[in-house]
Amino acid sequence: MISEGSCDTEDWSNDAENSEFRGTIADHPDFDAGSDAEALYDAMKGFGSDKEAILDLITSRSNAERQEIRAAYKSQFGKDLIDDLKYELTGKFERLIVVLMRPPAYHDAKEIKDAIKGAGTDEKCLIEILASRTNEQIHNLVAAYKDAYGRDLEEDVIGDTSGHFKKMLVVLLQGTREEDDVVSEDLVEQDAQDLYDAGEAQWGTDEAKFIMLLGNRSVIHLQLVFDEYQKIAEKSIEDSIKSELSGDFERLMLAVVQCIRSKPMFFAKRLYKSMKGLGTADNTLIRIMVSRSEIDMLDIRECFRLRYEKSLYNMIQDDTSGDYKRTLLKLCGGDDDMAGEFFPEAAQIAYKMWEISAMTKVQLRGTVRLYQNFDPASDAQALRKAMKGFGTDEDTIIDIVAHRSNAQRQEIRQTFKSLLGRDLLADLKSELSKNLQRLILGLMMTPAEFEAKMMKKAMEGAGTDEHALIEILVTRSNQEIQEMCSAYQNAYKKSLEDAITSDTSGHFKRILISLAQGAREEDPADMARALEDAQVNELADACNADPGDLEDKFMSILCTRSFPHLRRVFQEFVRCSNKDIEQIIKKEMSGDVKNAMFAIVRSVKNQPSYFADRLYKAMKGLGTDDRALIRIMVSRSEIDLFNIRKEFKETHDASLHEFIQGDTSGDYRKTLLILCGGED
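Predicted, not measured: the structure shown is a model, and the values here were computed from it.

Bringing the overall build of the protein chain into the picture now. Tallying secondary structure elements over the protein chain gives 40 helices and zero strands in all. Relative to the 2.2 N^0.38 estimate, which gives 26 Å for 680 residues, the radius of gyration of the protein chain is 28 Å and therefore close to what a compact globule would have. Residue burial in the protein chain is summarised as follows: out of 680 residues, 53% are buried. Across the protein chain, the fraction of contacts at a sequence separation of at least 24, relative to all contacts at a separation of at least 6, is 74%. Accessible surface, the protein chain as shown: approximately 28600 Å² in total, 46% of it carbon and sulfur.

In structure tokens form, the structure reads like this:
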């Protein structure tokens, strides 16, 4: 049995045909097709059917064996096994069992046929299949499509897609990716430079160069090209694709890159997206669980746990039910150990992820910029007119406030006072109401005033919003924290440290006070010190200590070291302990201390991704956490909201714009959408 790969990304190719079997379904010992055919016939004859016997038998046979059973069934009983299964079973369970009985190439052909027939196209399905299959699998798919439907797959794809997206799909459909393991160092450097020149180094993008290189070079070669590209561009190839490309073409190229890096991680992400949130994308879930069960399901499980701190088994258990669930769990093959220890493949990819994070120079982009032809006096007069007399012209207020930078808003505020002798914030507060008022006032304050107010709101009243305290103190720079502390003192005649002290307790209080000093180191990573921080007497040693000592050790490093240094610490922690820093925090800590430590690690790893997750949580489910939504949209609009948008789309398969549109209303929604800056 040939395995397509493991979860690693560097020294171990994820398409290595000589690697050990990493599936969960293998050939059955003492297989007898005739006996199995008879058992299935018995399970379906008479009134009702023995679903348990059917699923147990089919999920314990390889696909090649199932084809033999199907042939034996036809010769023994003169009936088509798939037709009988369709008649006896129902719903998602029936779909899953029928898919298991089809040859892989014919199932891929059916999925693509379903994806392009009718009015709309399921681009995600096309991308997933064509980006992830080997040359041999592509050739088999094309032949199966022709056999099953009497049509040419390439012609059908061309007829249903367009632009660069179509061109890349056609390249992938040729199944001509190089498979030579011999890599030329000179060609690696040349290809990396060509990709850089085709995108980051010029105005506009040479899409043809991206298509040619990513569609044809070997997996091992491209892995080295991506590493070389990182050195040249000081950012990952994924980040460049996100900034240079768009739409379905961007999603396809990202999928190709992810499959080059690690097919198991690519499928782990697809599985997570199929089950998170309301509803389940059952077609995707079935397709991946079936297609990878004999190839690399063990590696997908490891990558799933690494990325989402939850086993695939548990997520399937929580998200599905009945015989459908039992069949999926059989394909999954077992629940993974949650103790925080890595499997070898997961350790390799975790180390590589921290390596990429440490090397990447992220170009942060906001969505609100300086307004051209700015005239503070004209804006001040227009705002006064919008609020004078009977009724309020909210459109004018929104248009001015949301399209100016914060520095320009402060000029408007000052000019409003000097020209009209009035306090603009007080006037806005009296004219607007509810969430629109809170959002507009937040935009009109200085960042320090706004952060101080958010800290005050998080601590006032009966309950404390610990998540808000964590989010603000973990993600702000030393200067931002120091300015916030001054603004807090000026506004409330009390130090922020005193307020935290009176409102929190224990280790959580100590963490917040440490962060509120605004004294985090700002040095670059020190490799020797990072190794020391990660191993003896520090993080690795602390894992064996009692909870109090562990929290002290983690706090002394996570709350004081610079983010670039912490990336290297967490990377070395993987190497010297074979543990996942996030799993250790999750397992060994609890409550607000766990949440604070977890937020630091997530922010160090990828701060825009951390904010994207916070925005998702603010809007998902019943009700909206408007305070969190306003806080993040206002505070990040001039810093990294564009990056947050990209991470939101990547993680949640829906745009931030869509979420805001579906979760808010009226002038409040209109203002948020202007800040959002566009649809992805």
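This part covers the domain arrangement of the protein chain. Per the domain assignment, the segments making up the protein chain are domain 1 (33–89), domain 2 (104–174), domain 3 (185–261), domain 4 (376–432), domain 5 (447–517) and domain 6 (607–676). Every contact between the two is made by 11 residues of domain 2 and, on the other side, 13 residues of domain 3. Across the domain 2 to domain 3 interface the summed buried area is about 1100 Å²; carbon plus sulfur atoms make up 84%. Here domain 2 is connected to domain 3 by zero salt bridges. At the level of elements, α7 (123–132) and α10 (163–173) are the ones that each hand at least two residues to the side of domain 2 that touches domain 3. When residues in the side of domain 2 that touches domain 3 are grouped by element, the largest group, seven residues, is from α10.

With that out of the way, let us pick up the packing of aromatic side chains. The full count for this structure, using the stated rule, is 15 aromatic pairs. A network of ring pairs unites the aromatic residues Y41, Y73 and F77 as a single cluster. Above the face of the F642 ring, R365 is positioned so that its terminal group lies 3.8 Å from the ring centre. Positioned over the ring face of Y492 is K456, at 5.2 Å from the centre of the ring.

Moving on to the nonpolar core. Core analysis: the largest hydrophobic core is formed by 200 residues, its most contacted members being M289, M455, F554, L558, F570, M597 and M633. It is helix α15 (residues 247–275) that provides the largest number of residues to this core, a total of 16 residues. Once residues lying within four places of it in the same chain are set aside, the contact partners of L558 are R520, L539, L566, F570, I585, M597, I600 and V601.

As a further point, take unusual backbone geometry. Its identity as a non-glycine residue notwithstanding, D30 has a phi of 60°, on the positive side. Taking relative accessible area as the criterion, D30 reaches 78% and is therefore assigned exposed. Of note in this structure, E234 is not a glycine but carries a positive phi near 60°. With respect to the helices and strands, the residue E234 is situated in the loop between α13 (219–233) and α14 (237–244). E234 gets classed as partly exposed once you look at its relative accessible area, which sits at 39%.

This next bit is on the packing of helix α22 (residues 394–402) against helix α40 (residues 666–676). Here α22 crosses α40 at 20°, and the two axes come no closer than 10 Å. Between α22 and α40, the crossing angle belongs to the class labelled roughly parallel. The interaxial crossing formed by α22 with α40 has right-handed handedness. Taking contact as the criterion, the partners of E394, D395, I398 and A402 in α22 are, on α40, D667, K670, T671, I674 and L675. For the contact of α22 with α40, the class distribution of residues is four nonpolar, one polar and four charged.

A few words now on helix α31 (residues 527–534). Of all the positions in α31, only A530, D533 and A534 are classed as buried. Taken down its axis, α31 places every buried residue within 95° of arc, on the same side. Opposite the buried face of α31, at more than 90 degrees from it, the exposed residues are A528 and E532. Of the residues that open α31, the one with a side-chain oxygen 3.2 Å from the backbone nitrogen of A528 is D526.

Next up on the list: α10. For an α-helix, 3.6 residues make a turn, and residues three or four places apart therefore share a direction. Taken together, the buried positions of α10 are F165, M168, L169, V170, V171, L172 and L173. Following α10 by one or two positions, G175 adopts a phi angle in the positive range, close to 60°.

For side chains of opposite charge, pairing can occur when their charged atoms come near one another. Evaluated as defined, the whole model comprises 45 salt bridges. Between K79 and D84 there is a salt bridge, with its nearest N and O atoms 3.4 Å apart. On the accessibility criterion, K79 (36% relative accessible area) is partly exposed. In the salt-bridge network here, residues are joined through shared partners; they are E111, E128, R270 and R287.

A few words on a negative patch on the surface. On the surface, E522, D523, D526 and E532 cluster together to form a negatively charged patch. Its place among the elements puts D523 in the loop between α30 (506–516) and α31.

Rules and cut-offs
Residues numbered from 1 in each chain as written. Predicted model: local features only at pLDDT ≥ 70, side-chain atom pairs only at ≥ 80, totals over all residues. Heavy atoms only, no water. Helix = DSSP H or I, 4+ residues; strand = E, 2+ residues; numbered from the N terminus. Rg over C-alpha atoms; globule rule 2.2 N^0.38 Å. Buried < 20%, exposed > 50% of the residue type's maximum accessible area, 1.4 Å probe, protein only. Contact = heavy atoms within 4.5 Å. Areas by Shrake-Rupley, 256 points an atom, 1.4 Å probe, with all protein chains shown as cover. Domains from an automatic or database assignment. Buried area = accessible area lost by both parts, 1.4 Å probe. Salt bridge = Lys/Arg side-chain N within 4 Å of Asp/Glu carboxyl O. Phe/Tyr/Trp six-rings, centres within 6.5 Å; stacked < 30°, edge-to-face > 60°. Lys NZ or Arg CZ within 6 Å of the ring centre and 35° of its normal. Core = buried A, V, L, I, M, F, W, Y, C linked by side-chain atoms within 4.5 Å. Axes fitted to C-alpha atoms, helices over the stretch in contact; angles between N-to-C directions. Parallel < 35°, antiparallel > 145°, perpendicular 65-115°, else oblique. Left-handed = near helix turned anticlockwise from the far one by under 90°. Nonpolar A, V, L, I, M, F, W, Y, C, P; charged D, E, K, R; others polar. Arc of directions from axis to C-beta. Polar contact = N/O pair within 3.5 Å; in protein donor to acceptor, adjacent residues only side chain to side chain. Patch = residues over 30% accessible without salt bridge, like charges linked within 9 Å, V, L, I, M, F, W, Y side chains within 5 Å. Lys, Arg positive; Asp, Glu negative; His and termini not counted. Charge placed at Lys NZ, Arg CZ, Asp CG, Glu CD.

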